[in-house]
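# Architecture and fold: a report
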Amino acid sequence: MEAEKESLNFIEQIIESDLVTNPTKKVHTRFPPEPNGYLHIGHAKSICLNFGVGAKYNGQTNLRFDDTNPVTEETEYVDSIKEDIRWLGFDWEDREYYASDYFQQLYDMAEKLIQKGKAYVDDSDAETMATQKGTPTEPGVHSQFRNRTVEENLDLFRKMKAGAFEEGTRVLRAKIDMASTNMLMRDPVIYRIKYATHHRTGDEWCIYPMYDFAHGQSDAVEEITYSLCTLEFENHRPLYDWFIQELEIFPSRQIEFARLNVDYMITSKRKLKQLVDEGIVSGWDDPRMPTISGMRRRGYTPASLRTFCDKVGIAKRENTIEMSLLEYCVREDLNKIAPRIMAVLDPVKLVITNLAADYQETMLVENNPEQPDEGSREVFFSRTIYIERSDFMEDPPKKYFRLGPDRKVRLKGAYIIHCTHFEKGADGKVDSIYAEFVPNSKSGEDTSGVKVKGTIHWVDAQTALDAEVRLYDRLFLDPTPDNHPDKSFLDFINPDSMDILQRVKLEANYKKAGTSRHFQFLRKGYFFEDYNSSTKAIVFNRTVTLRDSWAKLQQKI
């Protein structure tokens, strides 16, 4: 039992301790995104945590959109967030809520604070309030409007709601402690005027609650027992608890955990938006982006992201996780589920001269050695095939086991071939290779007695399909691109983060290898058929290489 407890993360330990003292306590969590951007890998960790805790303790998890800023929020983001959560494998059932559902309740709570003498309307401009707030080492100064009467504050707040004042001329502030060592407790703004159309309530409201006010009170309305937040909200907890105490509402408990930081990635919504707006990436779902939609389009699987979040764990201290761990999780999952097909990325023609010009044969090739039940498919074979240019050398070294003059190699699932000669084009590159097949050397039926050490993949030239393949790599050259005070994160953009190959040759029956869009191109890596791919224009995105080639490259530098 003790060993089992040791494996619990600190949040689970808190919950289990609570359940010992209060066995009937309900475990109710929520995932509360702001609909002002696309979810990224950090959100994936929060989703897995909140929904995972809810499921583990037979509780519930709400999806609540904290939509309190009409200027930045759009229905497009709401829809993409819901799609991402479902894709990750989680379901909020009928518990889809919005902070805007509670605008009237939040307004009533604000009036209650005014009536208790715990909130006041301030006419100061933003610059004056910032100056009066003081510094971490010096106390703040009271606003000249801090001691307005309850009646005056109520009247002004109601006029704010009625649209009597211009935007930026008044705010409602909580009256707490201008000398607090926690700057967030120095009379924070809890309501501001904004004349903007809200994506759900339209123009019904012209005052909107600040995040710190709406967040905790929405938790209370929904009776959330555990409000799980990242560490940047640790300083917000005293304010969260102050509102609970003063408003006498449901006492949700805020617990903070370390956010997920992955090297070579950034997760700032502002910076991600900058990448999109400046055309550095093609959009929020660009496969190089750390957004869930980008990772989905690249070919990452829900299972691999859940496994990654589980391996990373839940910690109290900030740390940075190596991207190689994420890629390992992706490889492990794709190795199990991805059918194997043959694709030649840099093709060169090979002619088998001892076959007739009209020779055709079909070979039976297994779809996935990890999943024998997925069977086999037919692969076409004829006199002319394509092989990888890198699988041929004019003057190969002794330990080179692929093809070269007077060298033998096995074609995957087919025959052993013996290279007789080659030709070069006007550019000096090899453009045709000539070989003979070894009789009686067919895979699975080989009685030739010929032994070879190398096996290469190939694609039949007569039936090959043309495809575009996008080779993606890390978007940044530096592991912490936004951690350089003297430089912009844009200074570390990897100019080779995408390489588009237009002449790729693909086996004709690749669709028969499985119903998934995920494939392993034999000897090349894992690839995902892009959502924009069609029979007229086949497009694949490289998900991840077969091995961690980046680490090897960095060791050489």
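What you see is a predicted model, and the numbers here were worked out from it, not measured in a lab. Sequence positions are assigned chain by chain, starting from 1 and proceeding in written order. Selection of residues for local features in this predicted model requires a pLDDT of at least 70, selection of side-chain atom pairs for listing and counting requires 80 or more, and totals for whole chains, interfaces and linings are taken over all residues. Excluding hydrogens and water, the side-chain values take into account all heavy atoms of the structure.

### Some words on the overall build of the chain
The cut-off we apply is this: Each helix is a run of DSSP H or I of at least 4 residues and each strand a run of E of at least 2, with the numbering of both proceeding from the N terminus. Between the two quantities, the radius of gyration covers C-alpha atoms and the globule rule is 2.2 Å times the number of residues to the power 0.38. The buried label goes to any residue with under 20% of its type's maximum accessible area, the exposed label to any with over 50%, and the partly exposed label to all in between, with areas taken from a 1.4 Å probe on protein chains only. Contacts were defined at the residue level, with two residues in contact if any of their heavy atoms lie within 4.5 Å. Here the Shrake-Rupley method, with its probe set to 1.4 Å, supplies the accessible areas, and only the displayed protein chains count as covering residues.
When its secondary structure is counted, the chain shows 14 helices and 27 strands. Relative to the globule expectation of 24 Å for 557 residues, the C-alpha radius of gyration of the chain, 31 Å, shows a markedly less compact shape. Dimensions along the principal axes, computed over C-alpha positions, put the chain at roughly 100 × 55 × 40 Å. Counting all 557 residues of the chain, 52% fall into the buried class. Restricting to contacts in the chain with at least 6 residues of sequence separation, those with at least 24 account for 70%. Entry remark: accessible area of the chain is about 25900 Å², with carbon and sulfur atoms responsible for 47%.

### Considerations on the packing of aromatic side chains
To keep things clear, this is the line we draw: Two rings from Phe, Tyr or Trp (for Trp, the six-membered ring) form a pair when their centres sit within 6.5 Å of each other. Planes less than 30 degrees apart are called stacked, planes more than 60 degrees apart edge-to-face, and all others tilted. We count a charge as sitting over a ring when the NZ of a lysine or the CZ of an arginine lies within 6 Å of the ring centre and within 35 degrees of the ring normal.
Taken as a whole and assessed by the stated rule, the structure comprises 24 aromatic pairs. Each ring, one from Tyr107 and one from Trp205, has its centre 6.0 Å from the other, and the planes form 55°; the classification is tilted. Note that Tyr107 is positioned in helix H5 (residues 103–115) and Trp205 in the loop between strand E6 (189–193) and strand E7 (207–209), a separation of 98 residues in sequence. Its relative accessible area of 5% is what places Tyr107 among the buried residues. Judged by relative accessible area, which is 7%, Trp205 ranks as buried. Above the face of the Tyr264 ring, Arg474 is positioned so that its terminal group lies 5.0 Å from the ring centre.

### Some remarks on the layout of surface pockets
Stated formally: Grid points spaced at 1 Å over the protein atoms alone were grouped into cavities, where a 1.4 Å probe fits but cannot get out, and pockets, open sets with protein on both sides within 12 Å along at least five of seven lines, with lining residues defined by an atom within 4 Å of a point. Grid points are joined across faces, edges and corners, and a volume is the space filled by probe spheres set on the points. Three residue categories are used. Nonpolar comprises Ala, Val, Leu, Ile, Met, Phe, Trp, Tyr, Cys and Pro, charged comprises Asp, Glu, Lys and Arg, and polar comprises the others, including Gly.
Roughly 880 Å³ of volume is contained in the largest pocket. If you go around the largest pocket, you meet 35 residues; those closest to its centre are Glu34, His43, Glu232, Phe233 and Lys269. At the level of elements, strand E1 (28–31), helix H3 (41–56), helix H8 (211–221), strand E8 (226–230) and helix H10 (269–277) are the ones that each hand at least two residues to the lining of the largest pocket. If one sorts the elements of the lining of the largest pocket by residue count, H3 sits on top with 4 residues. Broken down by class, the residue content of the lining of the largest pocket amounts to 13 nonpolar, 11 polar and 11 charged.

### Observations concerning the environment of Glu423
Here Glu423 is to be found in strand E19 (residues 416–424). Overall, Glu423 belongs to the partly exposed group, its relative accessible area being 37%. In this structure the C-alpha to C-alpha distance between Glu423 and Thr463, which are 40 residues apart in sequence, comes to 23 Å. Residues contacting Glu423, with those up to four places away along its chain left out, are Lys429, Val430, Asp431, Ser432 and Tyr434.

### Brief notes about the nonpolar core
Formally: The criterion is simple. A nonpolar core is a set of buried Ala, Val, Leu, Ile, Met, Phe, Trp, Tyr and Cys residues joined through side-chain atoms within 4.5 Å.
Grouped together as the largest cluster of nonpolar side chains are 36 residues, with contacts concentrated most on Ile41, Ile47, Ile85, Leu88, Ile292, Phe308 and Leu326. The set of elements that each furnish at least two residues to this core consists of H3, strand E2 (60–65), helix H4 (75–88), helix H11 (292–298), helix H12 (302–312) and helix H13 (323–337). Residue contacts for Ile41: discarding those within four places in its chain leaves Leu260, Val262, Met265, Thr267, Pro290, Met295, Phe308 and Leu326. Grouped together as the second largest cluster of nonpolar side chains are 35 residues, Phe103, Leu106, Ile193 and Tyr208 included.

### Some points on the packing of H5 against helix H7 (residues 150–162)
Test applied: Note on geometry: axes are lines fitted to C-alpha atoms, helical ones only across the stretch in contact, with angles between N-to-C directions running from 0 to 180 degrees. If an angle is under 35 degrees, it is roughly parallel; if it is over 145, roughly antiparallel; if it lies from 65 to 115, roughly perpendicular; otherwise it is oblique. We call a crossing left-handed when the near helix sits turned anticlockwise from the far one by less than a right angle, and right-handed when that turn is clockwise.
Here H5 crosses H7 at 160°, and the two axes come no closer than 9 Å. One element, H5, and the other, H7, form an angle in the roughly antiparallel class. The two elements H5 and H7 meet at a crossing, and its hand is right-handed. The segment H5 lies against H7, with Tyr107, Ala110, Glu111, Ile114 and Gln115 engaging Val150, Asn153, Leu154, Phe157, Arg158 and Lys161.

### Re empty space enclosed by the protein
Here the structure, examined in full by the defined rule, presents 3 cavities of 30 Å³ or more. Here the largest cavity is characterised by a volume of approximately 130 Å³. Elements that contribute at least two residues to the lining of the largest cavity include exactly H11 and H13. Of the residues that constitute the lining of the largest cavity, the class distribution is 10 nonpolar, no polar and 5 charged. Roughly 50 Å³ of volume is contained in the second largest cavity.

### As for the pattern of salt bridges
So the rule is basically this: Here a salt bridge means any side-chain nitrogen of Lys or Arg lying within 4 Å of a carboxyl oxygen belonging to Asp or Glu.
Per the counting criterion, the structure on display carries 40 salt bridges. Several salt bridges share partner residues, and in doing so they unite Arg30, Arg64, Asp66, Asp219 and Glu222 into one network.

### Examining the sheet that holds strand E3 (residues 96–98)
Adjacent strands of a sheet pair through backbone hydrogen bonds, lying either parallel or antiparallel. Using the following cut-off: If DSSP finds at least two bridges between two strands, the strands pair.
Strand order in the open sheet formed by 3 strands is E1-E2-E3, with parallel pairing between adjacent strands. The open sheet is flanked by E1 and E3, the only strands paired with a single partner. Mean inter-strand twist for the sheet, computed between neighbouring axes without regard to direction, equals 35°. Packed on one face of the sheet, H3 meets E1 and E2 and runs near 160° to E1.

### Side note on the sheet that holds strand E24 (residues 498–506)
As summarised here, the arrangement of the 7 strands in space is E12-E25-E26-E27-E23-E24-E13, forming an open sheet in which the pairing is mixed. Strands at the two margins of the open sheet, each flanked by one partner only, are strand E12 (340–341) and strand E13 (343–344). Judged from the 2 bridges that link them, E13 and E24 form a sheet pairing that is antiparallel. Bridge pairing in E24 links Val344 to Lys505. Strands in contact with H13 are E12, strand E25 (518–521), strand E26 (525–529) and strand E27 (538–544); relative to E27, the strand with the most contacts, it is inclined by about 120°.

### Observations concerning the packing of H12 against H13
To characterise two packed helices, one gives the angle between the axes of the helices and the distance between these axes. Look at H12 against H13: their axes get within 8 Å of each other, and the N-to-C directions meet at 135°. When the axes of H12 and H13 are compared, the pair comes out oblique. H13 is crossed by H12, and the crossing has right-handed handedness. Side by side, H12 and H13 meet where Ala303, Ser304, Leu305, Thr307, Phe308, Lys311 and Val312 of the first sit next to Leu325, Leu326, Tyr328, Cys329, Val330 and Asp333 of the second.

### With respect to the state of the cysteines
A covalent bond bridging the sulfur atoms of two cysteines is what the word disulfide describes. For clarity, the threshold we go by: Counting rule for disulfides: a pair of cysteine sulfur atoms within 2.5 Å.
Counted according to the given criterion, the structure contains 0 disulfides. With no disulfide of its own, Cys48 lies 4.1 Å from the sulfur of Cys309, the closest cysteine sulfur.

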